[in-house]
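Residue-level structural notes
One-letter residues, chain by chain:
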Amino acid sequence: MADFDLVIRNGRVATAADVVTCDIGVAGGRIVALAENLGAGERDIDAAGKLVLPGGVDGHCHLDQLMSDGSRMADDFRSGTISAACGGTTTVIPFACQIKGHSLREAVDDYHRRAEGKALIDYAFHLIISDPTEQVIGQELPALIHDGYTSFKIYMTYDDLKLNDREILEVFALARREGALTMVHAENADCIGWLTERLEAAGRTAPRYHATSRPPVVEREATHRAIALAELVDVPILIVHVSGEEAAAQIQAARDRGLPIHGETCPHYLFLTAEDLDLDGFEGAKHICSPPPRDARNQEAVWRGLENGVFDIVSSDHAPFRYHDDKGKMIRGKGAPFAQVPNGIPGIETRLPLLFSEGVGKGRISLNRFVALTATNPARLFGLYPRKGTIAIGSDADLAIWDPERQVTITNDILHHNVDYTPYEGMKVQGWPETVLCRGTVVVEQGTVVGAEGGGRFLPCELPLSARPEDSLAIS
Ligand code: URP
Ligand code: ZN
Ligand code: ZN
């Protein structure tokens with residue numbers, strides 16, 4: 001009779017704190033033993049020479065999300081979670097998005113229907129609040145937070161999503177009362193609108209002008225304002241997808257003053273620059289996202305922010321839009337003005353290999369910091385720790401077994417998303433997750449998808465560790 005359902009033997013097991021060589025015993029989907037020479041498992045996996053890391057937690061990705069023109073993002077919960085798993089991620093947190101004029105609960109119910117029976121790995125939901133009415137703030141949100149939707153994103157730009165300062169204050173005050181966490185997309189909508197109109201009037205509509213329409217000052221101002229509003233209310237917030245030095249400096253300055261401001265960045269700000277928006281033949285359009293990738297100096301500042309702690313988490317911000325339709329026709333038409341190209345790029349599968357190779361492999365961040373940025377910290381920030389994001393007794397056996405030597409050239413045809421390009425085409429990386437387990441079940445085996453559609457479970461989130469109400473002063 002076996003002692004365990006599964007034993008992973010002799011791997012170098014890394015958490016945010018340690019790296020040790022040991023066996024991992026799994027029973028009932030959880031980690032139940034960490035020791036040398038564990039007894040028999042129903043199944044053994046030999047991980048000698050490999051790294052065993054906590055499965056990644058992607059705290060910011062978009063799956064099957066409705067767009068303002070009625071279209072949907074290209075990955076649903078099936079293709080999106082397959083792609084995530086193949087890249088070493090075992091938990092995703094996409095967004096149930098409120099449509100203005102509609103209820104939030106309606107958005108959540110619809111999103112559950114979209115996920116059910118499709119996800120291969122576990123998932124939680126953030127909310128997007130686009131219409132913070134009295135009903136939403138006073139009733140829907142408190143009830144939803146209670147039900148395990150404890151983090152939400154607000155936008156300071158995009159006409160169909162943006163909130164004004166007064167509305168932002170209402171959301172922050174509610175987050176403070178309930179102990180929830182607000183994620184902020186910080187760009188100044190009026191500046192972008194004004195610049196875009198002037199660029200269009202001058203005929204400057206090529207993809208590279210997307211970056212001109214959203215310069216760093218636009219992000220810096222909104223980041224500063226979001227932090228000021230959070231300070232007024234005395235609530236922690238997370239500034240998402242920080243693109244460069246100026247916004248990072250705002251976060252650092254706030255922290256220096258003792259404010260609980262968290263920062264997120266994404267691979268596109270580490271591996272792409274605004275020059276990629278100027279590639280020939282409308283290829284630049286494949287790199288349009290907001291905020292836009294900046295210059296090499298800003299890219300360097302983002303790397304520094306990973307090293308010095310400005311950033312708590314690295315998320316994919318996977319926003320899957322196809323470039324061509326099924327018949328090979330360019331969806332937006334070659335030469336579409338930048339303002340008509342959907343914002344966002346794919347990256348749910350490449351997030352971890354890129355950061356591992358260029359960060360850990362090139363000695364810029366330690367293996368522990370890699371685990372913290374990509375698994376432990378997002379799990380903590382969004383109320384899933386220690387169930388997710390670490391390797392510890394009692395945690396879910398969400399594990400990724402990496403071959404740290406494997407050399408891979410990233411091309412779109414090796415990826416599993418439903419997007420017809422990757423902005424990282426041709427990049428060479430070293431290190432790739434080969435076998436991936438969710439709650440002790442193998443979902444990717446030596447690079448082959450073996451998980452069952454619908455095997456992933458919904459995860460209600462606890463209150464984020466950084467935002468518990470008892471840590472704050474009372475404010476009415
Ligand atoms: O350009 C981006 N980042 N698009 C995805 C949606 C968002 O704002 O995160
Ligand atoms: Zn955003
Ligand atoms: Zn996003």
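Before any of the text, the structure's been laid out above.
All values derive from a computational prediction rather than experimental measurement.

1. Considering the sheet that holds strand 11 (residues 151-155)
Judged by pairing direction, the sheet is parallel, and its 7 strands sit side by side in the order 8-10-11-12-13-14-15 without closing on themselves. Of all strands in the sheet, those with a lone pairing partner are strand 8 (95-97) and strand 15 (313-314), marking the two edges.

2. A short note on the packing of aromatic side chains
Two measures describe an aromatic ring pair: the distance that separates the ring centres and the angle between the ring planes. Across all of its chains, the model carries 17 aromatic pairs by this definition. A centroid spacing of 4.8 Å and a plane angle of 35° characterise the contact between Phe356 and Trp402, whose relative ring orientation is tilted. With Phe356 in helix 11 (residues 351-360) and Trp402 in strand 16 (residues 399-409), this residue pair connects regions lying 46 residues apart in the sequence. Note on Phe356: relative accessible area 5%, which makes it buried. Pairing Phe370 with Trp402 gives two aromatic rings, centres 5.9 Å apart and planes at 90°, and the pair type is edge-to-face. Separated by 32 residues along the polypeptide, Phe370 in helix 12 (residues 367-381) and Trp402 in strand 16 bring together distant segments of the chain. The pair Phe370 / Trp402 is uniform in exposure class, with both members buried.

3. What to know about the site of ligand 1
Residues in contact with ligand 1 amount to 13 residues; listed here are only the nearest, Lys153, His185, Ser290, Asp317 and Asn343. With respect to ligand 1, the side chain of His60 contributes an N or O atom lying 3.4 Å from an oxygen atom. The side chain of Asp317 places a nitrogen or oxygen atom 2.7 Å from a nitrogen atom of ligand 1. Contact with the protein chains removes 95% of the 270 Å² of surface that ligand 1 exposes when unbound. Taken atom by atom, the bulk of ligand 1 overlaps the largest pocket. Of the residues contributing to the shell around ligand 1, the split by class is 4 nonpolar, 7 polar and 2 charged.

4. Structural notes on the packing of helix 3 (residues 134-146) against helix 4 (residues 165-178)
Helices that pack against each other are described as a pair by the angle of their axes relative to one another and the distance between those axes. Between helix 3 and helix 4, the shortest axis-to-axis distance is 11 Å and the interhelical angle comes to 45°. Considering the angle they form, helix 3 stands oblique to helix 4. Remark: the crossing between helix 3 and helix 4 carries right-handed chirality. Residue-level contacts link Ile137, Leu141, Pro142 and Ile145 of helix 3 to Glu170, Val171, Leu174, Arg177 and Glu178 of helix 4. Across the contact of helix 3 with helix 4, the residue classes break down as 6 nonpolar, no polar and 3 charged.

5. As for the coordination of the zinc ion (ligand 2)
Bound to the zinc ion (ligand 2) on the protein side are Lys153 (NZ), His185 (ND1) and His241 (NE2), at distances that span 2.1 Å. Donor residues binding the zinc ion (ligand 2) come from one chain and are separated in sequence as K-x31-H-x55-H. The distance between the zinc ion (ligand 2) and the zinc ion (ligand 3) comes to 4.0 Å. With His185 in strand 12 (residues 181-185) and His241 in the loop between strand 13 (237-239) and helix 8 (245-256), this pair connects stretches of sequence that are 56 residues apart.

The rules behind each value
- Residues numbered from 1 in each chain as written.
- Chains lettered and ligands numbered in written order.
- Predicted model: local features only at pLDDT ≥ 70, side-chain atom pairs only at ≥ 80, totals over all residues.
- Heavy atoms only, no water.
- Pairing = 2+ DSSP bridges.
- Helix = DSSP H or I, 4+ residues; strand = E, 2+ residues; numbered from the N terminus.
- Phe/Tyr/Trp six-rings, centres within 6.5 Å; stacked < 30°, edge-to-face > 60°.
- Buried < 20%, exposed > 50% of the residue type's maximum accessible area, 1.4 Å probe, protein only.
- Near = heavy atom within 4 Å.
- Polar contact = N/O pair within 3.5 Å; in protein donor to acceptor, adjacent residues only side chain to side chain.
- Areas by Shrake-Rupley, 256 points an atom, 1.4 Å probe, with all protein chains shown as cover.
- 1 Å grid on protein atoms, 1.4 Å probe; cavity = no way out; pocket = protein on both sides within 12 Å on 5 of 7 lines; lining within 4 Å.
- Sits in = over half its atoms within 2 Å of the grid points.
- Nonpolar A, V, L, I, M, F, W, Y, C, P; charged D, E, K, R; others polar.
- Axes fitted to C-alpha atoms, helices over the stretch in contact; angles between N-to-C directions.
- Parallel < 35°, antiparallel > 145°, perpendicular 65-115°, else oblique.
- Left-handed = near helix turned anticlockwise from the far one by under 90°.
- Contact = heavy atoms within 4.5 Å.
- Donors = N, O, S within 2.8 Å, 3.2 Å for Na, K, Ca; no water.

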